[in-house]
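Summary of structural features
Here's the letter readout for the chains.
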Amino acid sequence: MSTSSSHGVKWDALCIQVKARDKGVCQYNYGGCTYDKDLTVDHILARINGGQDVETNLVTACRSCNSKKGSKVLTRAAWTNKRWFTKKDKIEDIGGFGE
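Description of the structure in this document. (Residues numbered from 1 in each chain as written. Predicted model: local features only at pLDDT ≥ 70, side-chain atom pairs only at ≥ 80, totals over all residues. Heavy atoms only, no water.)

1. Quick word on unusual backbone geometry
Across residues other than glycine, the phi torsion is negative in most instances, and most of the peptide bonds are trans. Residue Lys23 is not a glycine yet carries a positive backbone phi of 55°. For Lys23, a relative accessible area of 65% translates into the label exposed. Phi angles above zero are rare outside glycine, and Asp38 is one such case at about 55°. Note that Asp38 resides in the loop between helix H1 (9-21) and strand E1 (39-43). On the basis of relative accessible area, Asp38 is assigned to the partly exposed category, the value being 48%. (Buried < 20%, exposed > 50% of the residue type's maximum accessible area, 1.4 Å probe, protein only. Helix = DSSP H or I, 4+ residues; strand = E, 2+ residues; numbered from the N terminus.)

2. Description of H1
Think of an α-helix as turning once every 3.6 residues; residues three or four places apart then point the same way. Across its 13 residues, H1 extends 18 Å between first and last C-alpha, which sits within 8% of the 18 Å expected from 1.5 Å per residue. The set of residues buried in H1 consists of Trp11, Asp12, Leu14, Cys15, Val18 and Arg21. Along its buried surface, H1 packs onto E1 and strand E2 (58-62). (Expected span 1.5 Å × (residues − 1). Contact = heavy atoms within 4.5 Å.)

3. Observations regarding the pattern of salt bridges
Taken as a whole and judged by the stated rule, the model has 5 salt bridges. When the shortest N-O distance is used, the salt bridge between Asp42 and Lys69 registers 3.4 Å. Of the two residues, Asp42 is situated in strand E1 and Lys69 in helix H2 (residues 63-69); the sequence distance between them amounts to 27 residues. For the pair Asp42 and Lys69, a shared accessibility class is recorded, and that class is buried. If you follow the salt bridges from partner to partner, you end up with Arg21, Asp22 and Glu55 in one network. (Salt bridge = Lys/Arg side-chain N within 4 Å of Asp/Glu carboxyl O.)

4. Let's talk about the nonpolar core
Within the largest apolar cluster, 9 residues are counted, these being Cys26, Tyr28, Cys33, Leu39, Ile44, Val59, Ala61, Cys62 and Cys65. The greatest single-element share of this core, amounting to 3 residues, is contributed by E2. Discounting residues that sit within four places of it in the chain, Cys33 has contacts with Cys26, Cys62 and Cys65. Counting 6 residues, the second largest nonpolar core, distinct from the first, contains Trp11, Leu14, Val18 and Leu58. (Core = buried A, V, L, I, M, F, W, Y, C linked by side-chain atoms within 4.5 Å.)

Structure below.
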């Protein structure tokens, strides 16, 4: 049995990188958050809304918070974390949070 996900080795490597960047802790912290258990990697801007599989558009989230967010677009500043982005990142890199 394969140890990689159905998304492929490249996705698996990206997930490891994102979880390490976020120190293995859920970045959303909605009510009922499990913080560091059952972690997933979530798209800040959902793929269905044009988000891309790039580190600047990905964040560590517990399964509970990931489910609560769903494909909603993050519009509140409190839901974003400056650590997710570097100075070289551009809005277009995460799928174009539009004007």
